[in-house]
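Summary of structural features
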Amino acid sequence: IDGYLRRRRASGVPTHIPSLNGLTRGLEAGSLNILAARTSRGKTAFALNVAHHVVSRSGDAVVVFSQEMNKQEEINDRLICLAGRISFADLHDHRDTDRVRNAFNAAAALPICIRDAAATVPAIHAKVRRLMTRRKVSLVIIDYLQLLTSAGRFENRTQEVSAMSRGLKLVAQELGIPFLVLSQLKRFEGSREPDLSDLRESGSIEQDANTVMFLHSDREFVDLDANVPAPMRLILAKQRSGPVGRVEVLFERRTGRFTELTDTEGR
């Protein structure tokens, strides 16, 4: 009984959001975790915040697979801003080169490995295993699920995405590493909160996932001032072995930083 309770108390990989860690005990080893949101809601930024927190806390490596063309430079910029605590405007302001250089050096020292040439589940599996022979890997991030491709033949895209989500779950279990997989949502009208049925080409994503989280804002980002942190809601809509819930967060668009909204900030 004591051994069982110790295992249950053991936490997974913690995120930078304390209340989310309280709900999930961290991202568990071998788990498949889905983070979904509508366009321009900060999915990539949130995932990179998690990556930065993990490597800063543990020193272990995080692997980020970016499937979008030409997105590696954007990811690098976001990591520089996070590591150096500077804004995107500061990054591109050539008057303060020392501050930018310090931020760049801080980001370069982070063991975050960005890969952009693994469009299939077997390729992701092979690249992570290869990296694991050189150092410990604590987290794998995939940006994003619907841009992966499969070597098999399927009747429709939903079946193909389902096969890929099952494949990622098996890879995560085999490697014993949590996977944080970003996903798109179907288009829907209004500002309502998303639910599990809104997962795009969902298929078996919901069944395969250990957790499903949504980032939601009641307002369109085009209406918000980039210099004012935007209030958002992180919705834990599914957890296979725990409670669900909501966490209020702030997204500082000028730096790409997500923080939990405290009671003091909310008043």
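This text follows the structure it describes.
Below is a summary of the structure that appears in this document. (Residues numbered from 1 in each chain as written. Predicted model: local features only at pLDDT ≥ 70, side-chain atom pairs only at ≥ 80, totals over all residues. Heavy atoms only, no water.)

Considerations on the overall build of the chain
For the chain, the helix and strand inventory stands at 10 helices and 9 strands. For the chain, the proportion of its 267 residues judged to be buried stands at 50%. A total of about 13,400 Å² of accessible surface is found on the chain, and carbon and sulfur atoms cover 48% of it. (Helix = DSSP H or I, 4+ residues; strand = E, 2+ residues; numbered from the N terminus. Buried < 20%, exposed > 50% of the residue type's maximum accessible area, 1.4 Å probe, protein only. Areas by Shrake-Rupley, 256 points an atom, 1.4 Å probe, with all protein chains shown as cover.)

Digging into the side chain of R257
With respect to the helices and strands, the residue R257 is situated in strand 9 (residues 257–260). Put simply, R257 is tucked away with no salt bridge, and the nearest opposite charge, on E252, sits 5.2 Å away. Dropping the residues within four chain positions of it, R257 is found in contact with N49, C81, L82, R85, L250, F251 and E252. (Lys, Arg positive; Asp, Glu negative; His and termini not counted. Salt bridge = Lys/Arg side-chain N within 4 Å of Asp/Glu carboxyl O. Contact = heavy atoms within 4.5 Å.)

What to know about the packing of helix 7 (residues 121–132) against helix 8 (residues 157–175)
For the pair helix 7 and helix 8, the least separation of the axes is 10 Å and the interaxial angle reads 15°. With respect to helix 8, the element helix 7 is oriented roughly parallel. Judged by the sense of rotation from one axis to the other, the crossing of helix 7 with helix 8 is right-handed. Contacts between helix 7 and helix 8 involve V121, I124, H125, V128, R129 and M132 from the former and M164, G167, L168, V171, E174 and L175 from the latter. (Axes fitted to C-alpha atoms, helices over the stretch in contact; angles between N-to-C directions. Parallel < 35°, antiparallel > 145°, perpendicular 65-115°, else oblique. Left-handed = near helix turned anticlockwise from the far one by under 90°.)

Observations regarding the sheet that holds strand 1 (residues 32–37)
The strands that make up a sheet pair up through hydrogen bonds in the backbone, lying either parallel or antiparallel. The sheet built from 9 strands is open, its strands ordered 3-2-4-5-1-6-7-8-9 with mixed pairing. At either margin of the open sheet sits one strand with a lone partner, and together these are strand 3 (112–115) and strand 9. Each adjacent strand pair in this sheet contributes to an overall mean axis angle of 25°, direction not counted. Where strand 1 meets strand 5 (residues 179–184), 6 bridges bridge the pair, whose relative direction is parallel. The residue bridging L32 from the neighbouring strand is F179, located in strand 5. Lying on the sheet, helix 4 (residues 72–84) is in contact with strand 2 (61–66), strand 3 and strand 9; it crosses strand 3 at an angle near 165°. (Pairing = 2+ DSSP bridges.)

Focus: the pattern of salt bridges
Applying the stated rule across the entire model yields 10 salt bridges. As a salt-bridge pair, R99 and D90 come within 3.3 Å of each other at their nearest N and O atoms. In this structure, D98 engages R101 in a salt bridge whose closest nitrogen and oxygen atoms are separated by 3.0 Å. Taken as a pair, D98 and R101 lie in helix 6 (residues 97–108) at a separation of 3 residues, close to a single helical turn. Given a relative accessible area of 47%, R101 falls into the partly exposed group. A single salt-bridge network, built from bridges that share partners, covers E193, R233, R246 and E248.

Points about a nonpolar patch on the surface
Nonpolar side chains collect at one region of the surface, where I1, Y4 and L5 lie side by side and expose about 360 Å² of accessible area between them. Considering the arrangement of structural elements, one finds I1 in the segment before helix 1 (2–9). (Patch = residues over 30% accessible without salt bridge, like charges linked within 9 Å, V, L, I, M, F, W, Y side chains within 5 Å.)

Description of the packing of helix 3 (residues 43–58) against helix 4
It is the contact of helix 3 with helix 4, at a shortest axis distance of 10 Å, that shows an interaxial angle of 50°. In terms of orientation, helix 3 lies oblique with respect to helix 4. Two packed elements cross with a definite hand, and for helix 3 against helix 4 that hand is right-handed. Where helix 3 abuts helix 4, its residues T44, A45, L48, N49 and H52 lie against I75, R78, L79, L82 and A83.

Considering the side chain of N49
Turning to its location among the elements, N49 is positioned in helix 3. A distance of 2.8 Å separates a polar side-chain atom of N49 from the backbone oxygen of G256. Not counting residues up to four positions away in its chain, the partners in contact with N49 are H16, L82, G256, R257 and F258. (Polar contact = N/O pair within 3.5 Å; in protein donor to acceptor, adjacent residues only side chain to side chain.)

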